[in-house]
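# Observations on the model geometry
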Amino acid sequence: MNDERMERLRKTAMALPLLPGVYIMHDKSDKVIYVGKAKQLKNRVSQYFGSQTNHSAKVRQMVAHVERFEYIVVGSEFEALVLECSLIKQYAPKYNILLKDDKGYHYIRVSPPPFSRIAVVKQKQEDGARYIGPYMSSYGIKQAVDEANKVFGLSTCTRVLQYGKKPLRTERPCLNHHLGQCCAPCTGRVTEAEYAERVAGAVDLLTHGSGAMIAKLQEEMMQAAENMEFEKAARLRDRIAAIRRIDSRQKVVMSRVTEQDVVAMVRASGRSCFEVFRVRGGALTDREEYIVDEIEGEAADRGEFLSRYYAGGREIPPQITVDGLPEDAEILEQYLSERAGRRVHIVCPQKGDQAKLVAMCRDNAAQYLADQLGMSGRETTALNELASLLGLSAPPQYIECYDISHTAGQDPVAGMIVYEHGKPLKSAYRRFAIRIAKGGDDPASMQEVLARRFAEYKEGADGFDRLPDLILLDGGEAQVQAVAEVFRQMAIEVPLFGLVKDGHHRTRAITAGGEELSVQSHRTAFTLVSSMQEEVHRYAIGYHRKTRSRKISTTLTAIEGVGETRAKALLKHFGSVKAVSGATEEELMTVKGMTKPTAAAIVRYFEEHPM
């Protein structure tokens, strides 16, 4: 039945015109589940109902629920974008990127005296505290409260400052005091009145800003100096300097572009995280994160996010700086310019301060997504960087890496390691003894190993039943081409690349299709790939040594009178089986525990089985 449905939908899609328009997907209950735009309706819509192998899991899931679709032809790609935005707003389809603005308001809470604490909360309560706000920017107000607490040395730790009417006094202040960020009221070093004065100053800074606060403190400092209160004047001078340091940190101009939004995207485990930095007056004034399901490719998802984000009534700055151009960037620029009432530019910087700002935005997106998925930000960044370098549609969450090991062609073996979410998955490691390929022929050995691995996959064998997102081979183009032939014969579609080493056995580049991609300039991806190459080399050579040692031990124990203990003693004394084979009876007798009959047996054995 499903095949009949797909065939029906494919035939309908193939009959669509090659014109720009919008298509609307419906499920069995006739509910709209996806709205998309297309330059050519026939080409775009028919892709959904052809081969599913190149689609993301989210698209495959959406297609599985499509019962019918309708379309609207428009006059241009721009009209298609405008109509798409309007229909998404009207229907809120399940499989489109929908951004819920549930950030809410934030308040500054000043707890009741004595020894008040200042913090940011989401809700006001009837608890006797003073609430200041509301504020829309959670980032900005949290940053301001944090800095105000530090400047005025207010307590932010979890120590109880008062039991009943008696203040709690401890002998040792916490680390914040030693860092100069707390006046340590828990030790009794400040009175209630002195602490209340600090709290009042912090509230004044938060409500009136640094300019007014500095002017007020300067006046107080001059008055204290005139009154010969030099210690008080010095304290006020230090406080003014601290406030100015905060201002200098908050007003760092990343570039000459002082009014812009910076948007970066990272992907992992079928999810995408968009980070938005709002830069106003050259300062980072706010930031937002949104996690959405992957729908199409990076460019398409980026374009849909930007159109959804600014369709919600948000301020549109003159420049939107991105980590990768969205699909139909020029059309999107035109759409945003019309909404803003002025020219809006979408730019993707490649170097300089703007590129560094974009990288910082992307790193924050990676960390936020990693926190949600239980990964680390560094691993998420590395996988995204690797996907971008290799041109993959999504970050590879499950990577297999292979290496061949032998000694001058003798006893060849292979090792397979697995990294999942950027970390070694040792339970999935596998070892292979090379059975057919000649020792020393690494391309043929790789061919044999990968053919066996995917034969097991097709049979659903335990440990081989998962298709990797990426395969890396320790070797150059010869290994890649040899394995690519196996993939063609077995109809395996997995991205395949080789790892090329330099003269010091360190990762130098990644190769595929006769082209080498330098990885050393991509810091996090380089670290990940290098660690994988070192790990697979260690694993493969360890198996080779174990196999060779077992073979050598078996050779000696085949001699009458030589057991495991005596074989180990012989190898320890002579260093190798070859050296043992050339020893005389007298030389053999120098080995601890050796007997004359056994020495004679060893000499006879190697006379009959020369090495």
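Residues numbered from 1 in each chain as written. Predicted model: local features only at pLDDT ≥ 70, side-chain atom pairs only at ≥ 80, totals over all residues. Heavy atoms only, no water.

Turning our attention to the pairing of strand β20 (residues 507-512). As judged from the four bridges shared by strand β19 (residues 496-501) and β20, these two strands associate in the antiparallel manner. If you follow glycine 498 over to β20, its bridge partner there is threonine 511. As paired elements, β20 and strand β21 (residues 515-518) share four bridges and run antiparallel to each other. Each residue of the ladder has a partner; that of threonine 511, found in β21, is glutamate 516. Joining the antiparallel neighbours β20 and β21 is a turn of two residues, in which glycine 513 adopts a positive phi near 65°. (Pairing = 2+ DSSP bridges. Helix = DSSP H or I, 4+ residues; strand = E, 2+ residues; numbered from the N terminus.)

So, about the pattern of salt bridges. The full count for this structure, using the stated rule, is 24 salt bridges. With its nearest N and O atoms 3.1 Å apart, the salt bridge here joins glutamate 448 to arginine 452. One end of the pair is glutamate 448 and the other is arginine 452, both in helix α13 (residues 442-458) and four residues apart, which spans about a single turn. Note on glutamate 448: relative accessible area 9%, which makes it buried. For glutamate 485, the salt bridge is made with arginine 488, and the minimal N-O distance between the two is 2.9 Å. Remark: arginine 488 and glutamate 485 occur in helix α14 (residues 477-490); sequence separation between them is three residues, near one turn of the helix. On the basis of relative accessible area, arginine 488 is assigned to the exposed category, the value being 52%. (Salt bridge = Lys/Arg side-chain N within 4 Å of Asp/Glu carboxyl O. Buried < 20%, exposed > 50% of the residue type's maximum accessible area, 1.4 Å probe, protein only.)

Together, Leu19, Tyr71 and Val73 line one region of the surface with nonpolar side chains, adding up to about 250 Å² of accessible area. With respect to the helices and strands, the residue valine 73 is situated in strand β3 (residues 68-73). Accessibility expressed as a relative area gives 38% for valine 73, which makes it partly exposed. (Patch = residues over 30% accessible without salt bridge, like charges linked within 9 Å, V, L, I, M, F, W, Y side chains within 5 Å. Areas by Shrake-Rupley, 256 points an atom, 1.4 Å probe, with all protein chains shown as cover.)

So, about the packing of helix α4 (residues 77-91) against helix α10 (residues 329-340). The N-to-C vectors of α4 and α10 enclose an angle of 60°; their axes lie 9 Å apart at closest approach. It follows that α4 is oblique to α10 by the angle criterion. Here the hand of the crossing between α4 and α10 comes out right-handed. In this structure, α4 uses Glu77, Phe78, Leu81, Val82 and Cys85 to contact α10, whose residues at the interface are Ile331, Leu332, Gln334, Tyr335 and Glu338. Among the residues forming the contact of α4 with α10, the class breakdown is seven nonpolar, one polar and two charged. (Axes fitted to C-alpha atoms, helices over the stretch in contact; angles between N-to-C directions. Parallel < 35°, antiparallel > 145°, perpendicular 65-115°, else oblique. Left-handed = near helix turned anticlockwise from the far one by under 90°. Contact = heavy atoms within 4.5 Å. Nonpolar A, V, L, I, M, F, W, Y, C, P; charged D, E, K, R; others polar.)

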